[in-house]
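# Structural overview
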Protein chains: 2
Amino acid sequence: MPLETPPGYRALDEGSLAGFLSSIPGVAERLGGDPAGWKVAEVGDGNLNLVFLVDGPAGAVCVKQALPYLRLVGEGWPLGLQRAYFEQLAMKTHGPLVGPRIPHLIHYDPALYAIVMEKLSPHIIMRRGMVAGTVYPHFADHIADHLARSLFGTSDLALPAAEKKRLTAEFCGNSELCKLTEDVIFTDPYMVHPRNRWTSPQLDATAARVRGDTEWKLAASRLKLKFLASPEALLHGDLHTGSVMVTEEDTRVIDPEFAFFGPMGFDVGAVLGNLLLNYFAQDGHAAEPDGRAAYQDWVLETVERVWTLFEARFLALWRGGATGDAYPASLFADGDGVRALEAERRAYMARLLADSLGFAGAKMTRRILGIAHNIDLEWIADADRRALCETRCLTLARRLMVEAGSFAGIADVTAAARDVRAAVKNIGL
Amino acid sequence: MPLETPPGYRALDEGSLAGFLSSIPGVAERLGGDPAGWKVAEVGDGNLNLVFLVDGPAGAVCVKQALPYLRLVGEGWPLGLQRAYFEQLAMKTHGPLVGPRIPHLIHYDPALYAIVMEKLSPHIIMRRGMVAGTVYPHFADHIADHLARSLFGTSDLALPAAEKKRLTAEFCGNSELCKLTEDVIFTDPYMVHPRNRWTSPQLDATAARVRGDTEWKLAASRLKLKFLASPEALLHGDLHTGSVMVTEEDTRVIDPEFAFFGPMGFDVGAVLGNLLLNYFAQDGHAAEPDGRAAYQDWVLETVERVWTLFEARFLALWRGGATGDAYPASLFADGDGVRALEAERRAYMARLLADSLGFAGAKMTRRILGIAHNIDLEWIADADRRALCETRCLTLARRLMVEAGSFAGIADVTAAARDVRAAVKNIGL
């Protein structure tokens, strides 16, 4: 039985798409030629949506439409269509701050919950490129800039309080997708739950050990509370390497349907955690031992550069553009005040690094023990080899979550990753 | 020139009140007799509103109406009427949680921005009673219970995330009154501002010293950031002893027009800070040296009991009714988990005490150096004597704000208050 949907909603398909698009001012001109001749392909490989790429003689667009259920599971898990509204609202809110780092938004259809945007070409999903071992020399620079601008620009450091409260209130409406994160990242992996899966039987005992690890579960619960009640900035909310499209020259952040006001470390940690997960996964893809060593060096260098560049840019934005209500600059105008405020900014970033590492660990753990896995690890065909990579991931993840504050800087994190890779030779925690 | 108001709004007066009330179902019956015979008195001594007490032969009501400006200053400082909407919404939200601790809400008129509620009698404003040296033996018990129930019950420990986000979003609309707090408590007292005043010339040098005290200003700014972006629970938002009406037997919390989702410590700290301020002010009201010593002992004992009882009740609610999404009980069901979760609860309360002390210090400081003073200190006619009490207040306030984390328990706070009273013999920091 199909799920009930609002009047006017219908799932688009390759046959109906040209008709829909030609009704939108400007889109027919952008694509050019006869709508009947437009090439339409449904390419959605995500879990929640239909995605169409449409090519005409003059140009191309991408159409993303929300489905009324979680596609990964099917109609058994209904999911509100309004997430498309929040996705386009996030694009409109972050767009002026981050400029070319997100696709250009062309149109939003509120009845169809469909977003028409620039088609990115020849971009591919970054996760696929990383599994193949492709280096993206500009990624660290681009994503650090994106993170700094999107997070600083929607924080109390940049926004007047009333404007931030207005935006926060709007995004509170996206509670259904927040709840999904709360459950599948911070809760389910730490308990017996039918949605969980892992490499079995290799990690059966490990999964049980995690479920009995009180310190780990407390760390997850503290992060969950932070996720629930720390609206520091407008987050992307799902910023893993599957939400990034890349070429060797360009980087674009897509799919902000989980957007809401939350702790900045959740976005930063999503990037760092997915890079670290890929670092460990490379050993499952190498043709010979250490066959991906150079790539792994690049991944860890990227981890370091993402944080270092993010921190520098965030601090620069703060020093130069503190237009928000937090830390009024006029209170710290004299020499002593300027020095003290700078020390405060450093302490703020140290706290944000600890938050980011904790969330990074949570993102790594859920990809191994929870519902949603990813190809970095899933494409390792040999289950023993995969389980060893996953054991290393979990070893570092636990340390990032339980001891987040003990890492003095990002270099300590990459050193710990190398140590774990060298030290862990057996499957299972 | 009168300020523009929405269609349908008119300021009520003693002449028009009976007509308004008799149009509300049930109110005429409650008051009884002929509306022309109802006794109406405007008694508002606050800064923001008209307050009418209406007595009929069968009963009485209180009517509170928002004015479109800050009454303390006059029409030169316009203030949105919608704060009345948030006040009644807070009463409706807290009401089922706290029961008899707030007045019964009878009616809300959205066009007049007027709240009709139970008339409290023979209650008086607690601050007046405390200035007169009246002991309220049940206050600590009552206010601790109110704080625990209102804060726990609207937190992520008790509410499902979607419900908490829905409420948070609504109260984000009260940003104008939040901004007032952000300015007059956390910002203005620490800078040169025409709204500030203090006992002059006695505290001129002190006010200047505070404006140059970088550590103090950083502490105020950290608290401000917490106020801006920590929606832990639905706060009253202005819970000083002027927002409490008492008899020796009863305690009622009134005037939640500043209500919003913020850090719990702001409400707890408002209570503690105003008690501590009264403790120091008593020396200005004593007929002879140490003439109020017994009362001062009671005030400090009340400070201790408010925190101790609040902590015990909050913990009991958490242990017995953790129906929210934070710290899922099922993750901590075994013996080790139960113990660890209890330790986590204790750590949570320790953090909350530190928050509360910081906010208490901020509330004390603003009453001496900012726009809004109160009668505990203002009614000390001798300016030198007042300035000495104020110096002691500021001495403790700075310590509470800058060293909040160094107080291991509430007994350390009352000990520090006694020390400050004994040690500070001269006017000025």
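Residues numbered from 1 in each chain as written. Chains lettered and ligands numbered in written order. Predicted model: local features only at pLDDT ≥ 70, side-chain atom pairs only at ≥ 80, totals over all residues.

### Brief notes about the overall build of chain A
Helix and strand counts for chain A come out as 15 helices and ten strands. Taken against the 2.2 N^0.38 rule, which gives 22 Å for 429 residues, the C-alpha radius of gyration of chain A at 22 Å falls within 12% of a compact globule. Principal-axis analysis of the C-alpha atoms places the extent of chain A at approximately 65 × 60 × 40 Å. For chain A, the proportion of its 429 residues judged to be buried stands at 51%. A separation threshold of at least 6 residues defines the contact pool for chain A, and within that pool the share at least 24 residues apart is 75%. (Helix = DSSP H or I, 4+ residues; strand = E, 2+ residues; numbered from the N terminus. Rg over C-alpha atoms; globule rule 2.2 N^0.38 Å. Buried ≥ 20, exposed ≤ 12 C-beta atoms within 10 Å, placed from the backbone. Contact = placed C-beta atoms within 7 Å.)

### Overview of the packing of helix α7 (residues 175–186) of chain A against helix α6 (residues 161–172) of chain B
Put simply, α7 of chain A and α6 of chain B touch, their axes get as near as 9 Å, and they point 140° apart. Between α7 of chain A and α6 of chain B, the angle falls in the class oblique. For the crossing formed where α7 of chain A meets α6 of chain B, the hand is right-handed. Contacts between α7 of chain A and α6 of chain B pair Ser175, Cys178, Lys179 and Glu182 of chain A from the former with Ala161, Ala162 and Lys165 of chain B from the latter. (Axes fitted to C-alpha atoms, helices over the stretch in contact; angles between N-to-C directions. Parallel < 35°, antiparallel > 145°, perpendicular 65-115°, else oblique. Left-handed = near helix turned anticlockwise from the far one by under 90°.)

### Regarding unusual backbone geometry
Backbone torsion omega between Ser121 of chain A and Pro122 of chain A reads 10°, so that peptide bond is classified as cis. With respect to the helices and strands, the residue Pro122 of chain A is situated in the loop between β5 (114–118) and β6 (124–125). Put simply, Ser200 of chain A and Pro201 of chain A share a cis peptide bond, and its omega is 10°. Tracing the backbone through its elements, the reader meets Pro201 of chain A in the loop between α7 and α8 (204–211). Phi at Tyr113 of chain B takes a positive value of approximately 55°, unusual for a residue other than glycine. Considering the arrangement of structural elements, one finds Tyr113 of chain B in the loop between β4 (105–109) and β5 (114–118). Notably, Asp255 of chain B is not glycine yet its phi reads approximately 65°, a positive angle.

### Let's talk about the relation of the copies chain B and chain A
Once chain B is rotated about the relating axis by 180° and shifted along it by 0.0 Å, it coincides with chain A to within an RMSD of 0.0 Å. With respect to symmetry, the two chain copies, as superposed, fit the operation of a two-fold axis. Judged by C-alpha distance, Ala169 of chain B is the residue of chain B that lies nearest the rotation axis, at 2.0 Å. (Least-squares fit on C-alpha atoms with pLDDT ≥ 70 in both.)

### Some remarks on the environment of Ala354 of chain B
Residues and elements named next belong to chain B. If you trace the backbone, Ala354 turns up in helix α12 (residues 335–369). When the 17 C-beta atoms within 10 Å are taken as the criterion, Ala354 is described as partly exposed. Considering only alpha carbons, one finds Ala354 and Glu403, 49 residues apart in sequence, at a separation of 8.8 Å. Beyond its immediate chain neighbours, meaning those up to four positions away, Ala354 contacts Ala404 and Gly405.

### Some thoughts on the confidence of the model for chain A
Per-residue confidence for chain A averages 95 on the pLDDT scale, and 97% of its residues sit at or above 70. Quick note on the complex model: pTM equals 0.97, ipTM equals 0.96. (pLDDT = per-residue confidence, 0-100.)

### Overview of the interface of chain B and chain A
On the chain A side, the residues contacting the 38 residues of chain B number 38 residues. Of all the secondary-structure elements, those providing two or more residues to the side of chain B that touches chain A are α6, α7 (175–186), α9 (214–229) and α12 of chain B. No other element matches α9 of chain B, which puts eight residues into the side of chain B that touches chain A. Classifying every residue of the side of chain B that touches chain A by side-chain character gives 18 nonpolar, nine polar and eleven charged. (Nonpolar A, V, L, I, M, F, W, Y, C, P; charged D, E, K, R; others polar.)

### With respect to the pairing of strand β4 (residues 105–109) of chain A
The side chains of a regular strand alternate between the sheet's two faces. Two elements, β4 of chain A and β5 of chain A, share four bridges in a ladder whose sense is antiparallel. For Tyr108 of chain A, the partnering residue across the bridge sits in β5 of chain A and is Ile115 of chain A. (Pairing = 2+ DSSP bridges.)

### Comments concerning the nonpolar core
The tendency in soluble globular proteins is for nonpolar side chains to be buried as a group. Counting 214 residues, the largest nonpolar core has Leu276 and Val303 of chain A together with Leu276 and Val303 of chain B as its most contacted members. When sequence neighbours within four positions are dropped, the list of residues in contact with Leu276 of chain A reads Val303, Ala360, Met364, Leu396 and Ala417 of chain A. (Core = buried A, V, L, I, M, F, W, Y, C linked by C-beta atoms within 7 Å.)

### Focus on α6 of chain B
All names here are of chain B. Taking 1.5 Å of rise per residue, the twelve residues of α6 would be expected to cover 16 Å, and the 16 Å separating its terminal C-alpha atoms lies within 8% of that figure. Those residues of α6 that sit buried are Ala161, Lys164, Lys165, Thr168, Ala169, Phe171 and Cys172. On an axial view of α6, the arc spanned by its buried residues comes to 170°, and they lie on one face. (Expected span 1.5 Å × (residues − 1). Arc of directions from axis to C-beta.)

### Section: the domain arrangement of chain A
Much of the literature gives interface size as the accessible area that the parts lose upon coming together. All names here are of chain A. Its domain assignment divides chain A into domain 1 (17–118) and domain 2 (124–423). Distance between the C-alpha centres of domain 1 and domain 2: 27 Å. With 18 residues of domain 1 at the interface, the matching set in domain 2 holds 22 residues. Per-class residue counts for the side of domain 1 that touches domain 2 are eleven nonpolar, four polar and three charged. (Domains from an automatic or database assignment.)

### Remarks on the environment of Gly265 of chain B
Tracing the backbone shows Gly265 of chain B in helix α10 (residues 264–285). The contacts of Gly265 of chain B, once residues within four sequence positions are left out, are Leu352, Asp355, Ser356, Gly358 and Phe359 of chain B.

### Overview of the sheet that holds strand β1 (residues 39–42) of chain B
Residue and element names in this part refer to chain B. Here five strands make up an open sheet; going across it, the order is β1-β2-β3-β5-β4 and the pairing antiparallel. Each end of this open sheet is capped by a strand with a single partner; those strands are β1 and β4. The mean inter-strand angle of the sheet, taken between neighbouring strand axes irrespective of direction, is 20°. By the bridge criterion, four bridges tie β1 to strand β2 (residues 49–55) in an arrangement that is antiparallel. Across the sheet, Glu42 pairs through a bridge with Phe52, a residue of β2. The strands touched by helix α3 (residues 83–98) are β3 (60–66), β4 and β5; relative to β4, the strand with the most contacts, the crossing angle is about 150°.

### A few points about the packing of α10 of chain B against helix α14 (residues 383–402) of chain B
All names here are of chain B. With their axes 8 Å apart at the nearest point, α10 and α14 run at an angle of 155° to one another. Classified by the angle their axes make, α10 and α14 are roughly antiparallel. Crossing hand, α10 versus α14: right-handed. Each of Leu276, Leu277, Phe280, Ala281, Asp283 and Gly284 in α10 lies in contact with α14, whose residues at this interface are Arg385, Arg386, Cys389, Arg392, Cys393 and Leu396.

### Focus on the sheet that holds strand β9 (residues 251–253) of chain B
Residues and elements named next belong to chain B. One open sheet holds the three strands; their spatial order is β6-β8-β9, and the pairing between them is antiparallel. With partners counted over all chains shown, the strands left at the sheet margins are β6 (124–125) and β9, one partner each. Direction of pairing for β6 relative to strand β8 (residues 244–246): antiparallel, over a ladder of two bridges. Paired with Ile125 across the bridge in β8 is Met245.

### Quick notes on the environment of Ser175 of chain B
Structurally, Ser175 of chain B can be placed in helix α7. Along the chain, Ser175 of chain B and Gly262 of chain B lie 87 residues apart, while their C-alpha atoms are 12 Å from each other. For Ser175 of chain B, the contacting residues outside a window of four places in its chain are Ala161, Ala162 and Lys165 of chain A.

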